[in-house]
Amino acid sequence: MASLLVDDCDGYFLTEDEPDISRATILLKRNVDIPKKYFLNRIFSPVAVDNSGYQKLSERPAKYRLLHKNWGKHVSPISEGIGALAFLTVEQLPLDENLATSVLRYIEDQLKNKRCKLMRWNIHHILLYFPQSEDYDLLGNLFMEGKLDNCHGFRIVKIEPAILTNPPKCFIEVQADAEEGSKVQQEITSIVTNFSGAFTHLSVCETESPKTVNQQNSCPPVAVSMLFTGQTQSLALKTIEALSARPWDQFLLTDEVRNAVEYDTKYFINTARDFPIFGVKTAMPISGVRISLFVKDVKKFTKMEDFYSKVTMVKPYKRELNHEEIRYSTYTLSERSEFTLAAYPGVSPVSNPNVVLYFHVRNVSSCIPEAQKLSEDHWQMMDPEGNKLILFTPLLSDVC
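Residues numbered from 1 in each chain as written. Predicted model: local features only at pLDDT ≥ 70, side-chain atom pairs only at ≥ 80, totals over all residues. Heavy atoms only, no water.

Thoughts on the sheet that holds strand E17 (residues 277-284)
Operational definition: Any two strands with at least two DSSP bridges between them are considered paired. Note on conventions: DSSP H or I runs of at least 4 residues are helices, E runs of at least 2 residues are strands, and numbering of each starts at the N terminus. Here, residues are in contact when the closest pair of their heavy atoms is within 4.5 Å. Fitted lines through C-alpha atoms give the axes, limited to the stretch in contact for helices. The angle between two N-to-C directions lies from 0 to 180 degrees.
The strand order across the open sheet formed by eight strands is E15-E16-E17-E14-E18-E21-E20-E19, and the pairing between neighbours is mixed. Since the sheet does not close on itself, it has two edges, and those belong to strand E15 (248-251) and strand E19 (317-318), each with one partner. Where E15 lies against strand E16 (residues 265-270), four bridges are found, and the strand directions are antiparallel. Residue pairing in the sheet places Trp-248 in a bridge with Asn-270 of E16. Contacts from helix H3 (residues 181-192) reach strand E14 (222-229), E15 and E17, with the element oriented near 20° to E17.

Some details on the environment of Ile-156
Mapped onto the fold, Ile-156 is located in strand E10 (residues 155-165). In this structure, the C-alpha to C-alpha distance between Ile-156 and Ser-287, residues 131 residues apart in sequence, is 46 Å. Sequence-distant contacts of Ile-156, defined by excluding residues within four places in its chain, comprise Leu-88, Thr-89, Val-90, Val-103, Phe-143, Leu-148 and Cys-151.

Side note on the sheet that holds strand E22 (residues 355-360)
An order of E2-E13-E11-E22-E25-E24-E23 is seen for the seven strands of this open sheet, with the pairing classed as mixed. Looking at the sheet topology across the chains shown, the edges are occupied by strand E2 (27-30) and strand E23 (372-373). Pairing of E22 with strand E25 (residues 388-392), which is carried by four bridges, proceeds in the parallel orientation. Bridge assignment links His-360 to a residue of E25, and that residue is Phe-392.

Here we look at the layout of surface pockets
Stated formally: Think of a 1 Å grid over the protein atoms and nothing else: a 1.4 Å probe that fits but is trapped marks a cavity, an open set flanked by protein within 12 Å on at least five of seven lines marks a pocket, and residues with an atom within 4 Å of a point count as lining. Grid points are joined across faces, edges and corners, and a volume is the space filled by probe spheres set on the points. Residue polarity follows a fixed list, in which Ala, Val, Leu, Ile, Met, Phe, Trp, Tyr, Cys and Pro are nonpolar, Asp, Glu, Lys and Arg are charged, and the others, Gly among them, are polar.
In this structure, the largest pocket occupies an estimated 710 Å³ of space. Per-element tally for the lining of the largest pocket: the top contributor is helix H7 (residues 364-367), with four residues. Of the residues contributing to the lining of the largest pocket, the split by class is 14 nonpolar, eight polar and five charged.

Here we look at the side chain of His-68
The following threshold applies: Note on exposure labels: buried denotes an accessible area under 20% of the residue type's maximum, exposed denotes more than 50%, and partly exposed covers the range between, all computed with a 1.4 Å probe on protein chains only. Counting of polar contacts relies on pairs of N or O atoms within 3.5 Å, with two restrictions inside protein: one atom must be capable of donating a hydrogen and the other of accepting it, and residues adjacent in sequence are counted only when both atoms are side-chain atoms.
Relative to the assigned elements, His-68 resides in strand E5 (residues 65-68). Judged by relative accessible area, which is 15%, His-68 ranks as buried. One polar contact links His-68 to Asn-166, side chain to side chain, over a distance of 3.4 Å. With residues near it in sequence (within four places) discarded, His-68 still touches Arg-120, Leu-164, Thr-165, Asn-166, Pro-394, Leu-395 and Leu-396.

Right, dumping it as structure tokens:
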């Protein structure tokens, strides 16, 4: 399962002046590993009473179904690791734990000697854990053969591959070529290992055919800054040392920008890969993460502000700088994370489809109705300057 489940959605920050290498990690996802979903599709049927019927279909979804870590009634503590999670939608009477267990027993009988475990349930859904990922597809085969139409009175109408998650309000996804995901993950982990034991604000997704961008002499549009406290100053220095080696170069802002805004943040750019800019800021009161998006056209800054106000549902704090070419607005997402828009003279970002911004939203249809549906709980769109966004909504209850 592609999951990095943490108690705090902003991850785990090091509080002592030594790295926690044993825990330092970021999430790696592989699109090719996503199993199929199985579902009933309503079709026109002249022989049916209401002129409708159903056909059983299967397809590989673009994303896993996201379930918040607090979803459902807990039965089993298993939540992450090897194996697969099957999210079942059932029809007929509302479920309780006894009925969910009855459905599980029926499925176990059909699967013969294959193992699965009831993890959680809610009135219309059951979450099953398969220690062997390939057994998930055996369940799908039973669905396609009609053997799950009557599971002790319940009909399974949909099976989806799922993960349990507790994501931050905003994070960056770096897309990697096939077979390169682990290497990219290791390279980024080596940078954040002196800062975070579980870095949730950046993940790696190994895709089958990502677009390639020539990054030479161009500025990535997105930056992720690690905010160190004064007590972890030596860890900040070690991080800066790691970012000072090739293929990293320091990304220098103009003197007027540094004097006005970025007077104590050091930025670094990777000259070999499509990475976001990495920043290091010290002497902060608490550890945290700042994700920045550089605006190309200062004339569009107000339009970008309005757009991201709708996405984040947060009114930005606009810093008054008395400089018509420097604009800077901050959206506070949590106690430890913020998203900023910045327009700086001398910074000309180039949109990069391999670096994608993700935003956790409550209701996409009400805040961004023009977003294009990508899967059951993911939508995609472009911001006013052509940067790619993915909006997502993990399921927290049976009320979708």
